[in-house]
Amino acid sequence: MAEEQDSSQERTEEPTAKRLKDARDKGQIARSKELNTLAVVLTAAIGLLMLGPAMARRLIDLMAFNFSIERHAIYATDSMARHLLASTEQGLLVLGPLFIMLLIAAIGGPMMLGGWLFSAKSMAPKFERMNPLSGLKRMFSVMALVELLKALAKFLVVLAVAIVVLKLRREDLLSMANETLPIAIGHSAWVLVHSLILLACSLILIAAVDVPFQVWDNKKKLKMTKQEIKDEYKDTEGKPEVKSKIRQLQREMADRRMMAEVPKADVVITNPTHFAVALKYDPQGLGAPVLVAKGADVIALKIREVAGEHDVVVLESPALARAVYYSTELDREIPAGLYLAVAQVLAYVYQLRQYRAGQGKRPGPMPTPSIPEDLRRDE
């Protein structure tokens, strides 16, 4: 039922950042084949315009080199191989700059829309594409119709521009019949290069239409339903009941660790029923007393029970217990404003320990600690 509800919902919501990132990792970004074609063809035309004359001269020299063979080379068995090697090397040097320009255009063209992206997931084989039914479905899909219309439009635009170019260059083409061969070759090369530039520019119109369409189509494919956004939030942030259970387990673990520190405390100060705080002081150290455990209600009762089991002194001082509870974090030193009050309590604890050890007289009632007004908390 859930899947039927999801499929019936319209994709009206903008894609989330996670959806965009996942799509990019899978190689699903906007790409325009027409923009790539435009970049390669236009680069080829500009490259021929810039390098054409020099390439033509060097190719003529290469042709002359191949058609002129010295008499002694005819009788040498390795002359043809050396001749072919030299011609190949010279040809690569002539065409190399143009090939490098085309390679840069072929790599940079796709990067103009979508930027640099290398996705191993998009390179992985997809066996579902080998299904004939899926192939037929793609052949008669809306995208296939769009690609057909694009190809037809590109053909008509290029054809129209080619007809216009032929009309504009008709005089040049006819005049070549009356020119000498070297002049006619140079003239024809000039006509071909400029015609190629005009034909390449005709692809700008196709790319100007295709690029916005590809961006719109990719964005449309990535749109989400409201249910998908909710499911993604649950997957990312965790389901509420799971998060609640995790927090409960974390609290239980923290409580167990805290209870393990209570036997190490010097004193437990209580409210007496609502709050309990356990303090530890190292006389050899330079720091102040440290709060090793604190709690309210049930936790406070548990702290008092653990303290009683391990003979930790438990004293009642409601004002001091509340002040320490609200002002000090676990495993942190008490604030400076409570130094005097806690020192009074610890001094009384040491007197009580000496009395229990038979080394002193029984101490009187514990003095009421003095709590600064800024640290005093009322229930």
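Residues numbered from 1 in each chain as written. Predicted model: local features only at pLDDT ≥ 70, side-chain atom pairs only at ≥ 80, totals over all residues. Heavy atoms only, no water.

Turning to the pairing of strand β2 (residues 275-280), a few remarks are in order. Most of β2 is tucked away: five of the six residues are buried. In sequence, strand β1 (residues 267-270) turns back onto β2 through a hairpin of four residues. In this sheet, strand β3 (residues 290-296) lies alongside β2 in antiparallel orientation, the contact comprising six bridges. Looking at the pairing, Phe-275 lines up with Ala-296 of β3. (Buried < 20%, exposed > 50% of the residue type's maximum accessible area, 1.4 Å probe, protein only. Helix = DSSP H or I, 4+ residues; strand = E, 2+ residues; numbered from the N terminus. Pairing = 2+ DSSP bridges.)

Turning our eyes to something else, we now look at the side chain of Lys-294. For Lys-294, the position within the fold is in strand β3. Buried charge without a partner: Lys-294 forms no salt bridge, and the closest opposite charge is Glu-329, 4.5 Å away. For Lys-294, the side chain forms a polar contact with the main-chain oxygen of Tyr-325, separated by 2.9 Å. A polar contact of 3.0 Å, which involves the side chain of Lys-294, links it to the backbone oxygen of Thr-328. (Lys, Arg positive; Asp, Glu negative; His and termini not counted. Salt bridge = Lys/Arg side-chain N within 4 Å of Asp/Glu carboxyl O. Polar contact = N/O pair within 3.5 Å; in protein donor to acceptor, adjacent residues only side chain to side chain.)

Attention now goes to the packing of aromatic side chains. Applying the stated criterion across every chain, the model contains four aromatic pairs. Their ring planes at 35° and their centres at 6.0 Å tell us that Phe-213 and Trp-216 sit as a pair that is tilted. Of this pair, Phe-213 and Trp-216 both sit in helix α10 (residues 181-222), three residues apart, which is roughly one turn of that helix. A ring pair is formed by Phe-275 and Tyr-325, whose centres lie 4.7 Å apart and whose planes are at 55°; its orientation type is tilted. Of the two residues, Phe-275 sits in strand β2 while Tyr-325 sits in helix α14 (residues 318-327), which places them 50 residues apart along the sequence. The exposure class of Phe-275 is buried, given its relative accessible area of 8%. Each residue in the set Phe-275, Tyr-325 and Tyr-326 is aromatic and connected to the rest through ring pairs, giving one cluster. Stacked on the ring of Tyr-325, the Lys or Arg Lys-294 has its end atom at 5.0 Å from the ring centre. Across the ring face of Tyr-326, the terminal group of Arg-377 is positioned such that the distance to the ring centre comes to 4.0 Å. (Phe/Tyr/Trp six-rings, centres within 6.5 Å; stacked < 30°, edge-to-face > 60°. Lys NZ or Arg CZ within 6 Å of the ring centre and 35° of its normal.)

Time to look at the packing of helix α8 (residues 142-168) against α10. Between α8 and α10, the least distance of the axes is 8 Å, while the angle of their chain directions is 160°. Between α8 and α10, the angle is such that the two are roughly antiparallel. As α8 packs across α10, the resulting crossing turns out to be right-handed. Contact residues: α8 offers Met-143, Val-146, Glu-147, Lys-150, Ala-153, Lys-154, Val-157, Val-158, Val-161, Ala-162 and Val-165, while α10 offers Ser-195, Leu-198, Leu-199, Ser-202, Leu-203, Leu-205, Ile-206, Asp-210, Phe-213, Gln-214, Asp-217 and Lys-221. (Axes fitted to C-alpha atoms, helices over the stretch in contact; angles between N-to-C directions. Parallel < 35°, antiparallel > 145°, perpendicular 65-115°, else oblique. Left-handed = near helix turned anticlockwise from the far one by under 90°. Contact = heavy atoms within 4.5 Å.)

All right, on to the UniProt feature "transmembrane region" (unreviewed entry) in the protein chain then. Residues annotated in UniProt with the feature "transmembrane region" (unreviewed entry) correspond here to residues 35-56, 92-118, 139-168 and 188-213. Between the C-alpha atoms that bound residues 139-168 the distance is 40 Å, and the span itself is 93% helix and 0% strand. (UniProt positions renumbered as here; feature names shortened; annotations may be inferred.)

So, on to the packing of helix α3 (residues 33-67) against α10. The description of two helices packed together rests on the angle between their axes and the distance between the axes. Running from N to C, α3 and α10 point in directions that differ by 160°, and their axes come no closer than 8 Å. By the criterion of interaxial angle, the relationship of α3 to α10 is roughly antiparallel. In this structure, the crossing between α3 and α10 has a hand that is left-handed. Between α3 and α10, the residues in contact are Lys-33, Glu-34, Leu-35, Thr-37, Leu-38, Val-41, Leu-42, Ala-45, Leu-48 and Leu-49 and Val-193, His-194, Leu-196, Ile-197, Ala-200, Cys-201, Leu-203, Ile-204, Ile-206, Ala-207, Asp-210 and Val-211, respectively. Among the residues making up the contact of α3 with α10, the classes are represented as 17 nonpolar, two polar and three charged. (Nonpolar A, V, L, I, M, F, W, Y, C, P; charged D, E, K, R; others polar.)

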